[in-house]
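Chain residues, written in single-letter form:
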Amino acid sequence: MRDALVAAAFRLFPERGYEQTTVDDIVALAGVGRRSFFRYFPSKEDVVFPDHERCLADMTAFLADGTAEDEPVRRVCDAARLVLRMYAENPTFSVQRYRLTKKVPGLRAYELSVVWRYERALAEYLRGRFGGRPDGSLRADVIAAAVVAAHNNALRSWLRSAGQGDADTAVDHALGFVQAMFGDAPPGAPAAPAEEREEDVVVVISRRGTPMWRVVREIESTLGHD
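For clarity, every value in this text was computed on a predicted model and none was experimentally measured.

1. Let's talk about the overall build of the protein
Consideration 1: A tally of regular secondary structure across the protein gives eleven helices and zero strands.
Consideration 2: Here the protein has roughly 14000 Å² of accessible surface; of this, 52% comes from carbon and sulfur atoms.

This is the structure we're talking about:
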């Protein structure tokens, strides 16, 4: 019945428009009563996002099941991948919902409130892990926001492409950036390639009017170049 209500709603929304479609219209098409609708969905907005409560519960349980040995940033990145899995389960529905949400300001606001709940779950986990560090709460909030921003950047790119391409690869790349910025490298991890490490910065102080060839020679000498 729950799936039938969602299917009916997304059949009507493109035909009549979201604002013009009522709960009565949805239940009539689904062949159920209003009480059945509100048993599953507190509001019409909730029928647009039928899977987020389950996903939020899964994320919270995943974080709670972690151990002290888990690297915290990697753990929250893995938790964010649960959201991607939810979207990837039904690409057609996810793309349809994305397009609908872009058109309806009220749905965009609702979606932002859902995203904030995901971010809060990640931040609460990180506060528990960083509680003993200086600025642990600040670090937790910044990393949680970065994980959500990176995940959503890749997810929305995939949705804009109508679900084409490999969403996992895009999200892995985005979350890998967060991991590289904030995560702790595992013991024994190889050093970053030379081209990925910061280059040397040399400050040369010379008198005004010094010939450029002499400045260049000084830089080469400092860097050990012949």
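Back to the text.
2. Here's the deal with the packing of aromatic side chains
Consideration 1: Within this structure, the stated rule accounts for seven aromatic pairs.
Consideration 2: Centroid distance Tyr40 to Phe41: 6.5 Å. Interplanar angle 45°. Geometry classified as tilted.
Consideration 3: On the basis of relative accessible area, Phe41 is assigned to the buried category, the value being 2%.
Consideration 4: Through successive ring pairs, a cluster of aromatic residues spans Phe10, Phe13, Tyr18 and Phe93.
Consideration 5: In this structure, Lys44 is placed above the aromatic ring of Tyr18, and the distance from its NZ or CZ to the ring centre is 4.2 Å.
Consideration 6: Positioned over the ring face of Phe62 is Arg75, at 3.7 Å from the centre of the ring.

3. Considerations on the packing of helix 1 (residues 2-16) against helix 7 (residues 91-103)
Consideration 1: Relative orientation of the contacting elements helix 1 and helix 7 amounts to 45°, with a least axis distance of 12 Å. For the element pair helix 1 / helix 7, the angle class is oblique. With respect to the hand of their crossing, helix 1 and helix 7 are arranged in left-handed fashion. Across the interface between the two elements, Val6, Phe10, Phe13 and Pro14 from helix 1 touch Phe93, Gln96, Arg97 and Leu100 from helix 7.

4. Thoughts on helix 9 (residues 136-160)
Residues separated by three or four positions in an α-helix point in the same direction, a consequence of the helix having 3.6 residues per turn.
Consideration 1: Across its 25 residues, helix 9 extends 36 Å between first and last C-alpha, which sits within 8% of the 36 Å expected from 1.5 Å per residue.
Consideration 2: Count one or two residues on from helix 9 and you reach Ala162, which has phi positive near 65°.

5. Observations concerning the packing of helix 9 against helix 10 (residues 167-182)
Consideration 1: Here helix 9 crosses helix 10 at 160°, and the two axes come no closer than 8 Å. For the element pair helix 9 / helix 10, the angle class is roughly antiparallel. Of the two possible hands of crossing, helix 9 and helix 10 adopt the one that is right-handed. On helix 10, the residues that touch Arg139, Val142, Ile143, Ala146, Val147, Ala150, His151, Ala154, Leu155 and Trp158 of helix 9 are Ala167, Ala170, Val171, Ala174, Leu175, Val178 and Phe182.
Consideration 2: When grouped by side-chain class, the residues that make up the contact of helix 9 with helix 10 number 15 nonpolar, one polar and one charged.

6. Describing the nonpolar core
Consideration 1: Counting 40 residues, the largest nonpolar core has Met59, Tyr118, Leu122, Leu126 and Val147 as the members making the most contacts within it.
Consideration 2: For this core, the secondary structure elements donating two or more residues are helix 5 (52-64), helix 6 (72-88), helix 7, helix 8 (105-130), helix 9 and helix 10.
Consideration 3: If we ignore the near neighbours within four places in the chain, the residues touching Val147 are Val76, Cys77, Ala80, Leu122, Leu175 and Val178.
Consideration 4: Counting 20 residues, the second largest nonpolar core, distinct from the first, contains Val6, Leu12, Val27 and Phe49.

7. Details of helix 8
Consideration 1: In this model, helix 8 (26 residues) spans 37 Å end to end at C-alpha, consistent with the 38 Å of a helix rising 1.5 Å per residue.
Consideration 2: Within helix 8, the full set of buried residues consists of Leu107, Glu111, Val114, Val115, Tyr118, Ala121, Leu122, Ala123, Tyr125, Leu126 and Phe130.
Consideration 3: If you follow the buried residues of helix 8, they end up packed against helix 4 (44-48), helix 5, helix 6, helix 7 and helix 9.

8. Regarding the pattern of salt bridges
Consideration 1: Per the counting criterion, the structure on display carries ten salt bridges.
Consideration 2: Its salt-bridge partner being Asp24, residue Arg34 comes within 2.8 Å of it at the nearest N-O pair. Here Arg34 is found in helix 3 (residues 34-40), whereas its partner Asp24 is found in helix 2 (residues 23-30), with ten residues between them in sequence.
Consideration 3: One salt bridge connects Arg81 with Asp78, and the closest N-O pair in it is separated by 2.7 Å. Highlighted residues: Arg81 and Asp78, both in helix 6, separated by three residues, approximately one helical turn.
Consideration 4: The structure contains a network of salt bridges with shared partners spanning Arg54, Asp58 and Glu89.

9. Comments concerning unusual backbone geometry
Most peptide bonds adopt trans geometry, and most residues besides glycine take a negative phi value.
Consideration 1: Of note in this structure, Asp135 is not a glycine but carries a positive phi near 55°.
Consideration 2: The topology assignment puts Asp135 in the loop between helix 8 and helix 9.

What counts and what doesn't
- Residues numbered from 1 in each chain as written.
- Predicted model: local features only at pLDDT ≥ 70, side-chain atom pairs only at ≥ 80, totals over all residues.
- Heavy atoms only, no water.
- Helix = DSSP H or I, 4+ residues; strand = E, 2+ residues; numbered from the N terminus.
- Areas by Shrake-Rupley, 256 points an atom, 1.4 Å probe, with all protein chains shown as cover.
- Phe/Tyr/Trp six-rings, centres within 6.5 Å; stacked < 30°, edge-to-face > 60°.
- Buried < 20%, exposed > 50% of the residue type's maximum accessible area, 1.4 Å probe, protein only.
- Lys NZ or Arg CZ within 6 Å of the ring centre and 35° of its normal.
- Axes fitted to C-alpha atoms, helices over the stretch in contact; angles between N-to-C directions.
- Parallel < 35°, antiparallel > 145°, perpendicular 65-115°, else oblique.
- Left-handed = near helix turned anticlockwise from the far one by under 90°.
- Contact = heavy atoms within 4.5 Å.
- Expected span 1.5 Å × (residues − 1).
- Nonpolar A, V, L, I, M, F, W, Y, C, P; charged D, E, K, R; others polar.
- Core = buried A, V, L, I, M, F, W, Y, C linked by side-chain atoms within 4.5 Å.
- Salt bridge = Lys/Arg side-chain N within 4 Å of Asp/Glu carboxyl O.

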